[in-house]
Structures are given as C-alpha cells and as structure tokens.
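Observations on chain architecture
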Amino acid sequence: MIDIGDKVLYRDGVYRVIKIVDLAPYVVAKLQIRGLVRRVPLEQLTKLEVV
C-alpha cells in the first residue's frame, strides 16, 4: 500500500507522494515532478522499500 510520504518509482525517476486522492473509479497519487504537481494512477507506481 502506498501512503503519503512514501518514495515511489514512476517512469525514470524516484518521487515522494505528497497526497493520495480518490477520484472514483481511480485512486491517484499527487507527485511533485520537476516543480509541477502531477496526478498519477497508483497502478503506475512502484513503492520503494527501505532496507
């Protein structure tokens, strides 16, 4: 499960989730990418685990 503050892999970079938004029927994460806030479906993200 992806939560606020998690680091996620999206396309070619690692970003921090700043908000989770429920836009039925999708759940999206707001990511700050190159100074812009983008909404990305959770299905397109991979959570990075801290080891």
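Note that this is a predicted model, so its numbers are computed, not measured.

To continue, consider the overall build of the protein chain. The helix and strand inventory of the protein chain stands at zero helices and five strands. Reading the helices (α) and strands (β) of the protein chain from amino to carboxyl end gives β-β-β-β-β. Relative to the 2.2 N^0.38 estimate, which gives 10 Å for 51 residues, the radius of gyration of the protein chain is 10 Å and therefore close to what a compact globule would have. Expressed along its principal axes, the backbone C-alpha trace of the protein chain runs to roughly 35 × 25 × 15 Å. Residue burial in the protein chain is summarised as follows: out of 51 residues, 31% are buried. Put simply, of all contacts in the protein chain between residues at least 6 apart along the chain, 23% involve residues at least 24 apart. Taken as two groups, the 9 positive and 6 negative side-chain charges of the protein chain have centres that lie 9 Å from each other.

As a further point, take the environment of Q44. With respect to the secondary-structure elements, Q44 resides in the loop between β4 (36–41) and β5 (46–47). Judged by its relative accessible area of 45%, Q44 is partly exposed. Counting along the chain gives 31 residues from Q44 to G13, while the straight-line C-alpha distance between them is 12 Å. Contacts of Q44, omitting those with residues within four sequence positions, involve L9 and Y10.

What follows is about a nonpolar patch on the surface. A surface patch of nonpolar side chains, about 220 Å² in accessible area, is lined by L9, V14 and L48. Structurally, V14 can be placed in strand β2 (residues 13–23).

Rules behind the numbers
- Residues numbered from 1 in each chain as written.
- Predicted model: local features only at pLDDT ≥ 70, side-chain atom pairs only at ≥ 80, totals over all residues.
- Heavy atoms only, no water.
- Helix = DSSP H or I, 4+ residues; strand = E, 2+ residues; numbered from the N terminus.
- Rg over C-alpha atoms; globule rule 2.2 N^0.38 Å.
- Buried < 20%, exposed > 50% of the residue type's maximum accessible area, 1.4 Å probe, protein only.
- Contact = heavy atoms within 4.5 Å.
- Lys, Arg positive; Asp, Glu negative; His and termini not counted.
- Charge placed at Lys NZ, Arg CZ, Asp CG, Glu CD.
- Patch = residues over 30% accessible without salt bridge, like charges linked within 9 Å, V, L, I, M, F, W, Y side chains within 5 Å.
- Areas by Shrake-Rupley, 256 points an atom, 1.4 Å probe, with all protein chains shown as cover.
- Salt bridge = Lys/Arg side-chain N within 4 Å of Asp/Glu carboxyl O.

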